[in-house]
Amino acid sequence: MKPTIAFLGTGLMGEPMCHNLLEAGLPLTVWNRSTEKTKRLAKRGAKAPDSPHDAVAGADVVITMLSDGPAVAELMFERGVADKISNGATRIDMGSIGADEAIEHAKRHAKQGVAYLDAPVSGGTRGAAAGELAIMAGGKAETFAAMQPVFAPLGQATHVGPSGCGQLAKLANQVIVAITIGAVSEAFILAGGG
């Protein structure tokens, strides 16, 4: 049986990711602060309730793709959305948040019987649209294995260790990207004689 997915945050990255989940035939419910961003997905068959609480109710998997850690904490815990996630469900945070925040979120969800993966992505909007994201997942190995049908339409997922390790791997990736950009810039300057 295909897992039912609630996806919160259908912005530049989230919307194309949702299109790929729908293309794979996965039952999808979407929510975004701006409802305008969920209309195209609703036309393709996603459910689009007005509240995030309604979106997560009864879902097997809850994915967040939000701007940062404080935005996730505000939605999940301050607004009480986490309380509506079913016992036995899995929450996957695919945005970039702090490793310490990911560890804390994992602990809070575990108290409610909800499994957790921090699984940030690399590949940008092109990778999201093509279903070719690099997904770096932290959390329990068995949770990661169970989520393969969810990750497969989105890209290549790699389990990198316990909770928080997905965020650390993403941070290391960003350091490599930044250093590479700097090196290429220096090479252009050198080659140009400047």
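Everything below is about the structure printed above this text.
Residues numbered from 1 in each chain as written. Predicted model: local features only at pLDDT ≥ 70, side-chain atom pairs only at ≥ 80, totals over all residues. Heavy atoms only, no water.

Asks: Looking at this model, I keep getting lost on the side chain of Lys170. Mind explaining?
Replies: Along the chain, Lys170 falls in helix H9 (residues 165–191). An unpaired buried charge is present at Lys170: no salt bridge exists, and Asp93, the closest side chain of opposite charge, is 10.0 Å distant. Reaching out from Lys170, the side chain makes a polar contact with the side chain of Ser96 at a distance of 3.0 Å. Each residue touching Lys170, except ones within four places of it in the same chain, is listed here: Ser96, Pro120, Val121 and Met136. (Helix = DSSP H or I, 4+ residues; strand = E, 2+ residues; numbered from the N terminus. Buried < 20%, exposed > 50% of the residue type's maximum accessible area, 1.4 Å probe, protein only. Lys, Arg positive; Asp, Glu negative; His and termini not counted. Salt bridge = Lys/Arg side-chain N within 4 Å of Asp/Glu carboxyl O. Polar contact = N/O pair within 3.5 Å; in protein donor to acceptor, adjacent residues only side chain to side chain. Contact = heavy atoms within 4.5 Å.)

Asks: Just to check I follow, could you spell out the side chain of Ser51 for this structure?
Replies: Checked against the element boundaries, Ser51 lands in the loop between helix H2 (39–43) and helix H3 (52–56). Looking at Ser51, the relative accessible area reads 19%, which means it is buried.

Asks: Just checking my understanding: could you explain the pattern of salt bridges for this structure?
Replies: Any two side chains of opposite charge can pair if their charged atoms end up close together. All told, the structure shown has three salt bridges when counted by the stated rule. Notably, a salt bridge pairs Glu15 with Arg40, separated by 2.6 Å at the nearest N-O pair. Within this pair, whereas Glu15 is found in helix H1 (residues 14–23), its partner Arg40 is found in helix H2, the two being separated by 25 residues in sequence. Salt-bridge contacts for Lys39 lead to Glu36; the nearest nitrogen and oxygen are separated by 3.4 Å.

Asks: Can you help me understand the packing of helix H4 (residues 69–78) against helix H5 (residues 99–110) in this one?
Replies: When two helices pack together, their arrangement is given by the angle between the helix axes and by the axis-to-axis distance. Relative to each other, H4 and H5 sit at 15°, their axes nearing to 11 Å. The angle between the axes of H4 and H5 places the two elements in the roughly parallel class. Judged by the sense of rotation from one axis to the other, the crossing of H4 with H5 is left-handed. Residues Gly69, Pro70, Val72, Ala73, Met76 and Phe77 of H4 form the contact with H5, whose own contacting residues are Glu101, His105, Arg108 and His109. Taken together, the residues of the contact of H4 with H5 break down into five nonpolar, three polar and two charged. (Axes fitted to C-alpha atoms, helices over the stretch in contact; angles between N-to-C directions. Parallel < 35°, antiparallel > 145°, perpendicular 65-115°, else oblique. Left-handed = near helix turned anticlockwise from the far one by under 90°. Nonpolar A, V, L, I, M, F, W, Y, C, P; charged D, E, K, R; others polar.)

Asks: What exactly am I supposed to notice about H5 here?
Replies: Note on helix geometry: an α-helix contains 3.6 residues per turn, so any two residues three or four positions apart are oriented the same way. Over its 12 residues, H5 runs 17 Å from end to end, which matches the ideal 16 Å to within 8%, given 1.5 Å per residue. Considering only its buried residues, H5 is in contact with H4, strand E4 (90–93), strand E5 (115–118) and H9. (Expected span 1.5 Å × (residues − 1).)

Asks: Hey, could you run me through the packing of aromatic side chains in this one?
Replies: Note on aromatic pairs: each is described by the distance of the centres and the angle between the planes. By the definition in use, this model includes one aromatic pair. Seen from their ring centres, Phe144 and Phe151 are 5.9 Å apart, and the 35° between their planes marks the pair as tilted. Residue classification places Phe144 among the buried residues on the basis of a relative accessible area of 11%. (Phe/Tyr/Trp six-rings, centres within 6.5 Å; stacked < 30°, edge-to-face > 60°.)

Asks: Explain the layout of surface pockets here, please?
Replies: The gaps of empty space that remain are located by a probe, the size of a water molecule, rolled over the atoms. Computed from the structure, the largest pocket encloses a volume of approximately 550 Å³. Going through the elements one at a time, H4, strand E6 (121–122), helix H6 (124–130) and H9 are the ones with two or more residues in the lining of the largest pocket. If you add up the space inside the second largest pocket, you get close to 160 Å³. Surrounding the second largest pocket, 13 residues form its lining, Thr4, Ile5, Leu28, Thr29 and Lys47 being those nearest its centre. When residues of the lining of the second largest pocket are traced back to their parent elements, those giving at least two are strand E1 (5–8), strand E2 (28–31) and H3. Split by residue class, the lining of the second largest pocket holds seven nonpolar, four polar and two charged. (1 Å grid on protein atoms, 1.4 Å probe; cavity = no way out; pocket = protein on both sides within 12 Å on 5 of 7 lines; lining within 4 Å. Points joined across faces, edges and corners; volume = space filled by probe spheres on them.)

Asks: Hey, could you run me through H1 in this one?
Replies: Taking burial as the measure, the 10 residues of H1 include nine buried ones, the bulk of the element. Taken residue by residue, H1 has Gly14, Glu15, Pro16, Met17, Cys18, His19, Asn20, Leu21 and Leu22 as its buried positions. Where H1 terminates, the next one or two residues include Gly25, which has phi positive at roughly 80°.

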